[in-house]
Structure formats: structure tokens, C-alpha cells
Amino acid sequence: MTVPHPRPTPRPVRRALLAAVAALGLLVPAACSGGGEPEGPVTLRVSTWGNDSRLKLTEQAVDAFEAANPDVTVVVENSEWGSYWDKLATQTAGNNSPDVIQMDEAYIAAYGSRGALLDLAEVSEQLDLSAMDATVRDTGLVEEALVGAPIGVGNFSVAVNPDVLERAGVEMPDDTTWTWQDLAEISATVSEELGSEGVYGLDGFGSGAAELGAWTRQRGEEVWPTTGPGVSEATVRSFFDYSTGLVESGATPPAEVQVENANLPLDASMFATNRAAFHLLFHTQISAFGAASGTQLELLRLPAQAPGESPRMVNKASMYWSIASRTEHPEAAARLIDFLLTDPAATTVLTTERGIPAIPEVQEEISSLLDPQAQVSLDFTQAITPELVPPPQVTPAAASGFSDEFNLIGTDVLFGRATPADGTARVLSAVQSMA
């Protein structure tokens, strides 16, 4: 599963650390791995983030790699999400990067564009990604260099609790035809029927950058376009009008309840405790919610803007494996990544822990090992793959902090501290300054 990100690091700290990484542009050539591998045994440092369950599975997969590669010792350095990026920025600026780095879409351009990550074309003999769909593989491109090997895919979608819908007397919507207006109306009905029990239709909407990205794409724009139009004033304003309308109708909780819910541990949140019918997420997160709720949850396509329109969903790399450009062991690092992505001794241990595997053959290999809730994620991926549109570029190097910034703006709008018009102006200003 993909673990939801905890509360973000304060922006002044994060910006200072990213500034330190920016200095690498003056210090690190685009590729500095040098010649061949040093002879003899080598030790690889691998940086990861995640909970204890993910760490345990990763260490099992690493143990299998070491057994098959006795010349390599692997040391796993694990952190939680917020401190991970602070630590990595400090290590990178101090020329002490781990050899193999678990990388996220929001940061890969910030590191890749400044020469901190190896172009994986240099180790293609050890790391063969040809079995991966090109549209997925190429999400690891930064300035024409492949600096990240996608580990898995995530689809931003709608999780639904069928039991809550049944209790409210509401039928399961048809996700091949439904619209955002349908979601609003169904959610308001659930809240009306079950509100006395503290249950809402949709547990929150309006402060997530992924929500804005999907909404913008459905209107033929992108927040960070490579070609075509960028996000417009009309699009951002319509997004905030929709989010505030959900609160006014009771479809979502009041702002203070939404914020409180977002800061709770996953297993204590509204959707995980059967107090919401719908929840927007990257789809492999459904396993964690299902385990917490004790309910078999389902996944739905995103609503469309209007009847008959496509929801224009995309594959997002759940995360990447990258190699530090200054590593002394690029070939051994590539062998490790290849093993984690393709070898059954690793893939049958990791299964969907870091998203639905990005390689279709691996998806088939692990299918029989999945529990029913994880199987929902895999079936959903395979069902919608023919419908997906090409993914946008990764978050630009200067925009790694946009998600935090948008969360603040969206929250202000929900609380009424900013009008939708004011929020729109702030979003457009932030986008312009980070593009």
C-alpha cells in the first residue's frame, strides 16, 4: 500500500533545506559516478520512508538480494515522511547521499535538475526497464534524463464504503457516467440520512493539490503544463466554488472537522472508522483504510465535469528508486533496484507495498498473493488502464512546496478566512512564482 503523507514540515525549514540542495547545481556535475565499480565487496546505503510494516518488508527483500549477491551489503536507512526530506537535503548538500534513494514525484525534479541523481541510462545493463510501459517509465524523466525508476503506480480516485451507502439507503453510483454534481448530491443525501450518527457523505475536499490537479486536467488544463494551457482563473475559482458548496450543503463536514480529520492517524480518521461514504485517495491506500475499518471497500473512477465526459485519469508513479550521482557503486546500486523491481524473491514480499507494481508481468505474478482488499486495487488499475490519459510532467524543481502552500490556501477558503476569489488569486500567484 502507499502510506498517506503525514503533516508537512514547516515551510521555512523545508525551503532552507531545498535551498541547500539548490547549491548542488554549482557543485555537482550532471553525472559524477566515474568509471567502473571498485573491486571487492561493497556496501550500499538505501534511504526509504514509511511505517514499520513497510520497513520490515523492505528488509526482507534486501535480505534476499544479499543472499543472491554476496559481494554486496545493504544498509537500509528509514525515516518518516517529514524528516526524510529534511535529512536527505542535508545529506545531499554535505556530499553524503545514500547510494539508492526512494524518491517522490514532488521532489524528483528538484534533485534531478541539479545533478544530484544519476541518469539511469548509464546503468542500463544492470537495470532493464524495457518491460515497463513507456508512459509510466517516462514519469522518471527530468530534463531528458531518466533519474527515477517508477516502483509502482497510483491512480487518484474515489474510495467508497458500500455499507455506509446501504445504511443511508443510497445506491452505488455508476462511476462510468457520474459527475462531480452527482457526488455532491449523493454525499449530501448520506449526510442528511446519517448525520445524527456523525456520518458524512464525503469526508473532505478543497485543500489537496491532487484534487486541484485532477479538476484542472478535466478542464483541459494543467497546473504544471509542458504543452497546452496552464491552470486558469476560471478553473481555480470553479474548484473553490465547488468545495465551499459542499460544506454549505452538508455533503462534507465543516472546515474545522475536515482539518481535524486530516490530522488524525489514518486508523482514527472518518473514512477508516466508517463515518464517511466517500474518500479521495491514491488508490492503493485503500488497503490501509480497509484494514482499519473492517469493511470491504471499493474504488470508483473520479467523477467527470459533465455527463459523457472523460474523467481524464492518469497513472502517477507512487514513488521511484533513484541512484545518487556521486555514488561509488552505480552498478551495484542498479543491480539492487533491478532486483527489487523484478525478482520474485523481492516482488512476492513487497507486493503492493509501494503501489501497484509498475511492470505488468509483476502485477500478474503477485495477483494470487493479494488479500481481497489489495486485489481491489490491482483490479481497478487493470480496468482503467485503457482509459488513462498521458500523465503531466513531474512537479517542477521550484514547486516542491506547492502542495503545502495550496493546503494553506484551500484551508483558508474553507474556513472563510479567504473568499474563493481571494483564494484563486493566491493560487495563481503561487503557481506563477514556482513555475
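The shown structure was predicted, so the numbers you read here are calculated from the model rather than taken from an experiment. (Residues numbered from 1 in each chain as written. Predicted model: local features only at pLDDT ≥ 70, side-chain atom pairs only at ≥ 80, totals over all residues. Heavy atoms only, no water.)

Draft legend 1. Looking closely at the packing of aromatic side chains. Per the stated rule, a full pass over the model turns up 24 aromatic pairs. Measuring from centroid to centroid gives 4.2 Å for Trp85 and Tyr107, while their planes differ by 15 degrees, and the two rings are stacked. Note that Trp85 is positioned in helix α4 (residues 81–93) and Tyr107 in helix α5 (residues 105–112), a separation of 22 residues in sequence. Plain terms: the ring middles of Trp215 and Phe239 are 5.9 Å apart, the flat faces sit at 85 degrees to each other, and that makes the pair edge-to-face. With Trp215 in helix α9 (residues 209–218) and Phe239 in helix α10 (residues 233–249), this residue pair connects regions lying 24 residues apart in the sequence. (Phe/Tyr/Trp six-rings, centres within 6.5 Å; stacked < 30°, edge-to-face > 60°. Helix = DSSP H or I, 4+ residues; strand = E, 2+ residues; numbered from the N terminus.)

Draft legend 2. Quick peek at the environment of Ser238. By secondary structure assignment, the location of Ser238 is in helix α10. Considered as a pair, Ser238 and Pro420 are 182 residues apart in the sequence and their alpha carbons are 8.5 Å apart. Once residues within four sequence positions are removed from consideration, Ser238 is found in contact with Trp215 and Arg219. Among the polar contacts listed, one links the side chain of Ser238 to the backbone oxygen of Thr235, at a separation of 2.7 Å. (Contact = heavy atoms within 4.5 Å. Polar contact = N/O pair within 3.5 Å; in protein donor to acceptor, adjacent residues only side chain to side chain.)

Draft legend 3. Local environment of unusual backbone geometry. Even without being a glycine, Glu144 presents a positive backbone phi close to 70 degrees. Classification of Glu144 by relative accessible area gives exposed; the value is 74%. Non-glycine residue Thr351 carries a positive phi angle of around 40 degrees. Of note, Thr351 is situated in the loop between α14 (344–350) and β12 (356–357). (Buried < 20%, exposed > 50% of the residue type's maximum accessible area, 1.4 Å probe, protein only.)

Draft legend 4. Expanded view of the pattern of salt bridges. Throughout the structure, instances matching the rule amount to 11 salt bridges. Residue Asp138 pairs with Arg137 through a salt bridge whose shortest N-O separation is 3.3 Å. A residue is classified by how much of its surface remains accessible, and Asp138, at 34% relative accessible area, is partly exposed. Judged by relative accessible area, Arg137 falls into the partly exposed class, the value being 24%. One salt bridge connects Asp175 with Arg301, and the closest N-O pair in it is separated by 3.2 Å. Taken together, the residues Asp175 in the loop between α7 (162–168) and α8 (180–194) and Arg301 in the loop between β10 (298–300) and β11 (316–323) connect sequence positions 126 residues apart. Taking relative accessible area as the criterion, Asp175 reaches 13% and is therefore assigned buried. Three or more residues joined by partner-sharing salt bridges are found here, namely Asp175, Arg301 and Glu387. (Salt bridge = Lys/Arg side-chain N within 4 Å of Asp/Glu carboxyl O.)

Draft legend 5. Region of interest: the confidence of the model for the protein chain. Here the protein chain shows a mean pLDDT of 92. Residues at 70 or above account for 91%. Note on residues 1–17: pLDDT is under 50 here. Beyond four places in sequence and across chains, it has 44 contacts. Segment residues 23–35: pLDDT under 50, and 22 contacts once partners within four positions in sequence are set aside and those in other chains are kept. (pLDDT = per-residue confidence, 0-100.)

Draft legend 6. Region of the structure containing the side chain of Thr395. Residue placement: Thr395 occurs in the loop between α16 (372–384) and α17 (402–415). The residues contacting Thr395, other than those within four sequence positions of it, are Glu105, Ala106, Ala109, Trp224 and Ser400.

Draft legend 7. The sheet that holds β10, seen in detail. A sheet is described by the order of its strands in space; here 4 strands give the open sequence β8-β9-β7-β10, paired in mixed fashion. Two strands in the sheet have a free side with no partner beyond their single neighbour: β8 (200–202) and β10. Between one strand axis and the next, the sheet turns through 30 degrees on average, direction left out of account. Of the strands in this sheet, β7 (156–160), β9 (276–282) and β10 are in contact with helix α12 (residues 286–293), which crosses β9 at around 150 degrees. (Pairing = 2+ DSSP bridges. Axes fitted to C-alpha atoms, helices over the stretch in contact; angles between N-to-C directions.)

Draft legend 8. Region of the structure containing the environment of Ser377. Secondary-structure assignment places Ser377 in helix α16. Apart from residues lying up to four places away in sequence, Ser377 is in contact with His283, Thr284, Ile286, Leu299 and Ile356.

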